Amino acid sequence: MESAITVEGLRKSFGSREVLHGIDFQVQAGTVFGVIGPNGAGKTTTMRCLLDIIRPSAGTLRVLGQDPRHGGPGLRRRIGYLPGELTLEARVTGRRLLDHYEAVSGPVRRGRIDELAERLNLDLDRHTRKLSKGNKQKLGLIQAFMHEPELLVLDEPTSGLDPLVQQEFLAMVQEARDRGQTVFLSSHVLSEVQQAADEVAILRDGRIVTVATVDALRESAVRHLRFAANGITADDAGALLGRVPGVGGVEVLTAGGGVELTAVLEGSIGPLVQALAGLQLTDLVLEEPDLEESVLRLYGNNGNGRRGNGSRRREPQEEGSSHA
Amino acid sequence: MRSPMPLFRRAFVDSWRSTLGWAAGLGAAIALYLPIYPSIGGSTQMQQMINALPPEMTKALNYDQIASGPGYTQATVFGLIGFLLMTIATVSWGAAAVGGDEESGQLELTLAHGVTRVQLVFERALAIVLRVVLLAVLVFVLILALNDSAHLSIDSMHLFGAAVEFAGLALLSGTAALFVGALSGRKSYGLAAGAAVGVLGYVFNAVGRQSPDLDWLLNFSPYHWAYGNSPVANGADWASAGWLWGISAGLVLLSSIALQRRDVGS
């Protein structure tokens with residue numbers, strides 16, 4: 001497959017402070033690639049280098065087959081860009097601003113702007129400086145998407161958007177990919193983009209920690225499990241779960257007439273389902289895998305946070321259940 | 001549809017409020033000053049009063065020529081209030097064009113679109129030039145309209161020359177602001193540079209005229225280049241007009257080079 005973005009050994013220093021320490025990754029054409037990292041990890045700097053807004057100190061960049069340093073307006077017309085900190089303070093309406101960017105980077109299909117505005121529920125006739133943060137973000141998304149560029153570079157696209165609009169945005173990303181567009185987006189949390197991204201790079205302090213497909217992360221990911229059952233003691237249920245490969249962190253929430261347990265599952269769900277099949281289940285919740293937790297578990301130390309909380313929480317509840 | 005010079009059109013059209021405001025200010029100043037010339041500049045009483053002022057002060061304010069219509073127009077409109085308004089306008093436009101836009105974070109988005117940095121600087125500079133020319137035309141027309149009724153006896157070709165110097169002088173401050181804004185990415189630095197060109201030019205002129213020992217200062221005063229020979233009375237010194245416009249053009253070119261060579265918004 002052809003690559004839409006190739007980054008090799010990208011370094012960037014501001015003065016004596018190096019913020020990117022040699023980054024390598026590739027984004028295949030027609031895929032959605034997410035770069036995840038906390039604020040200050042270098043996501044914005046990387047994206048700005050791709051757009052030739054800032055210039056790398058070292059390394060090679062290829063964007064849609066060209067060096068962004070020399071691609072000029074012709075290259076940038078093929079890219080839709082959403083800056084991380086979007087400021088729109090001009091005394092113009094959203095519509096006029098979009099018309100302006102159409103004049104610069106167009107052409108835009110007729111009716112396309114209204115269609116996007118309607119999808120995102122944005123009033124284009126209000127002055128941009130009076131728009132809320134979320135509405136400015138919507139305007140930013142429209143200007144990036146409207147000319148249906150080959151490559152979308154979106155810096156924290158979901159920031160400021162309410163959950164409904166976030167879902168709409170993710171649908172727009174899926175559609176863009178289905179049309180063959182490439183999407184390169186960033187977020188400080190994986191959960192916001194894991195639904196849309198094929199592949200993610202985890203960036204920490206100017207270095208890429210890992211690049212993995214979301215599927216691969218999903219396989220190694222942990223799922224939170226909760227179920228309630230009748231006709232079994234808490235001890236038996238715990239023992240039953242303990243024999244299932246990949247299950248850990250078993251906690252008994254209530255015991256008595258029926259038991260309720262939570263646990264964490266890592267790996268395949270087949271053996272678990274088989275084990276549970278013999279029980280008289282009254283409730284079963286197997287959550288979506290939490291990719292973020294798995295990534296942090298693999299590459300950081302914060303990953304045990306939730307489990308740690310869970311085990312602390314267990315003690316009083318066990319006491320409570322023994323009183324019952 | 002892609003249309004020619006979108007950045008120029010946006011910079012020009014979106015600033016119509018500001019352009020109109022400055023036009024109203026200049027128009028009001030002219031309408032206030034010039035009609036009263038017959039009762040002030042031309043009267044012997046006024047001349048006596050000016051003679052009573054310290055000569056340093058009359059020289060600094062260019063009031064030494066106030067007794068004639070062209071001299072009065074030169075000193076009041078072109079030399080003082082018009083110069084002040086026009087300089088403030090161009091400096092604010094120049095500083096905002098790149099430095100201000102970058103500081104507010106909007107330049108990043110524009111540069112991510114299908115434009116070059118050189119194109120951006122040139123189109124925005126052109127929008128400033130056009131606004132300056134429009135304001136200078138307004139000043140020219142208004143003065144010409146009041147020429148007879150206010151008994152100014154100004155030669156229209158001389159007035160034209162003065163308007164060209166007037167525009168060039170303002171443009172020099174404005175392009176200095178543009179250049180420093182483009183170099184530093186900071187609006188305040190641009191404002192400071194533009195204001196410095198305007199104010200120092202005025203001060204060097206005022207001080208340089210005080211004595212022959214200090215008249216070397218006049219060489220560093222764009223204000224003196226423009227107005228040293230009283231263009232409203234004597235016609236423009238076209239060489240000096242050429243310097244004002246030429247240096248302005250050079251500063252626009254330097255602005256584009258400065259912006260081309262650096263990181264934006266970092």
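This write-up is about the structure you can find in this document. (Residues numbered from 1 in each chain as written. Chains lettered and ligands numbered in written order. Predicted model: local features only at pLDDT ≥ 70, side-chain atom pairs only at ≥ 80, totals over all residues. Heavy atoms only, no water.)

## Considering the overall build of chain A
Reasoning step 1: Along chain A, the regular secondary structure elements total 11 helices and 13 strands.
Reasoning step 2: For chain A, with 324 residues in total, the buried portion stands at 50%.
Reasoning step 3: The contacts of chain A with a sequence gap of at least 6 include a subset with a gap of at least 24, amounting to 69%.
Reasoning step 4: Carbon and sulfur atoms make up 46% of the accessible area of chain A, which totals about 14,600 Å². (Helix = DSSP H or I, 4+ residues; strand = E, 2+ residues; numbered from the N terminus. Buried < 20%, exposed > 50% of the residue type's maximum accessible area, 1.4 Å probe, protein only. Contact = heavy atoms within 4.5 Å. Areas by Shrake-Rupley, 256 points an atom, 1.4 Å probe, with all protein chains shown as cover.)

## A look at a positive patch on the surface
Reasoning step 1: Judged by side-chain charge, R91, R126, R129 and K130 of chain A together with R17 of chain B come together as a positively charged surface patch.
Reasoning step 2: Structurally, K130 of chain A can be placed in the loop between α4 (112-120) and α5 (133-145).
Reasoning step 3: Given a relative accessible area of 56%, K130 of chain A falls into the exposed group. (Patch = residues over 30% accessible without salt bridge, like charges linked within 9 Å, V, L, I, M, F, W, Y side chains within 5 Å. Salt bridge = Lys/Arg side-chain N within 4 Å of Asp/Glu carboxyl O. Lys, Arg positive; Asp, Glu negative; His and termini not counted. Charge placed at Lys NZ, Arg CZ, Asp CG, Glu CD.)

## Let's talk about the interface of chain B and chain A
How big an interface is tends to be reported as the loss of accessible area on association of its parts.
Reasoning step 1: Residue-level contacts link 30 residues of chain B with 32 residues of chain A.
Reasoning step 2: Buried area between chain B and chain A, both sides added, is near 2,800 Å², and the carbon and sulfur share of it is 48%.
Reasoning step 3: The interface formed by chain B and chain A contains three salt bridges.
Reasoning step 4: The tally of links from chain B across to chain A stands at 19 residue pairs in polar contact (both at pLDDT 80 or more).
Reasoning step 5: Secondary structure elements with two or more residues in the side of chain B that touches chain A: α1 (6-13) and α6 (106-111) of chain B.
Reasoning step 6: Taken together, the residues of the side of chain B that touches chain A sort by class into nine nonpolar, 11 polar and 10 charged. (Buried area = accessible area lost by both parts, 1.4 Å probe. Polar contact = N/O pair within 3.5 Å; in protein donor to acceptor, adjacent residues only side chain to side chain. Nonpolar A, V, L, I, M, F, W, Y, C, P; charged D, E, K, R; others polar.)

## Notes on the packing of helix α7 (residues 117-146) of chain B against helix α8 (residues 156-184) of chain B
Residue and element names in this part refer to chain B.
Reasoning step 1: Where α7 meets α8, the closest approach of the two axes is 9 Å, and the angle between their N-to-C directions is 150°. Accordingly, the angle class assigned to the pair α7 and α8 is roughly antiparallel. Helix-helix and strand crossings are classified by hand; for α7 and α8 the assignment is right-handed. Residues V121, A125, I128, V129, V132, A136, V139, F140, I143 and L144 of α7 pack against S156, L159, F160, A163, F166, A167, L171 and L178 of α8.
Reasoning step 2: The residue inventory of the contact of α7 with α8, partitioned by class, reads 17 nonpolar, one polar and no charged. (Axes fitted to C-alpha atoms, helices over the stretch in contact; angles between N-to-C directions. Parallel < 35°, antiparallel > 145°, perpendicular 65-115°, else oblique. Left-handed = near helix turned anticlockwise from the far one by under 90°.)

## What about a nonpolar patch on the surface?
Residue and element names in this part refer to chain B.
Reasoning step 1: Side chains of V199, V203, V207, L214, W216 and F220 sit close together on the surface and give an oily, nonpolar patch of about 520 Å² of accessible area.
Reasoning step 2: In this structure, V203 sits in helix α9 (residues 187-208).
Reasoning step 3: Look at V203 and you get partly exposed, because its relative accessible area is 35%.

## Regarding the pattern of salt bridges
Reasoning step 1: Following the criterion strictly, the structure yields 22 salt bridges over all chains and no others.
Reasoning step 2: Across the pair E175 of chain A and R119 of chain A runs a salt bridge, and its minimum N-O distance is 2.7 Å. A residue pair is termed long-range when its members are at least 10 positions apart, and E175 of chain A in helix α6 (residues 163-178) and R119 of chain A in helix α4 qualify at 56 residues.
Reasoning step 3: Since its relative accessible area comes to 26%, R119 of chain A is described here as partly exposed.
Reasoning step 4: The shortest N-O distance in the salt bridge between R124 of chain B and D101 of chain B comes to 2.9 Å.

## Examining the packing of aromatic side chains
Residue and element names in this part refer to chain B.
Reasoning step 1: Evaluation of the coordinates by the stated rule reveals 14 aromatic pairs over all chains.
Reasoning step 2: When the centroid spacing of 6.3 Å and the interplanar angle of 45° are considered together, the rings of F160 and W238 count as tilted. Of this pair, F160 sits in helix α8 while W238 sits in helix α12 (residues 238-260), and the two are 78 residues apart along the sequence.
Reasoning step 3: For W238, a relative accessible area of 46% gives the class partly exposed.
Reasoning step 4: Taken together, the ring pairs connect F83, Y202, Y223 and Y227 into an aromatic cluster. (Phe/Tyr/Trp six-rings, centres within 6.5 Å; stacked < 30°, edge-to-face > 60°.)

## What about the nonpolar core?
Reasoning step 1: Grouped together as the largest cluster of nonpolar side chains are 94 residues, with contacts concentrated most on I5 and F184 of chain A together with F78 and I143 of chain B.
Reasoning step 2: Here this core gets 13 residues from one element, more than from any other, and that element is α8 of chain B.
Reasoning step 3: With near-sequence residues (within four places) excluded, I5 of chain A lies in contact with F25, Q26, V27, L50, R62, L151 and F184 of chain A.
Reasoning step 4: Core analysis: the next-biggest nonpolar cluster, separate from the first, contains 48 residues, A90, L131, L152 and V214 of chain A among them. (Core = buried A, V, L, I, M, F, W, Y, C linked by side-chain atoms within 4.5 Å.)

## Some words on the sheet that holds strand β2 (residues 17-28) of chain A
Residues and elements named next belong to chain A.
Reasoning step 1: On the basis of which strands lie adjacent, the open sheet formed by three strands has the order β2-β1-β4 and antiparallel pairing. This sheet does not close on itself; its edge strands, each paired only once, are β2 and β4 (58-63). Each strand of the sheet is rotated relative to its neighbour by a mean of 15°, with strand direction disregarded.
Reasoning step 2: In this sheet, β4 lies alongside strand β1 (residues 3-14) in antiparallel orientation, the contact comprising five bridges. Residue pairing in the sheet places T6 in a bridge with R62 of β4. (Pairing = 2+ DSSP bridges.)

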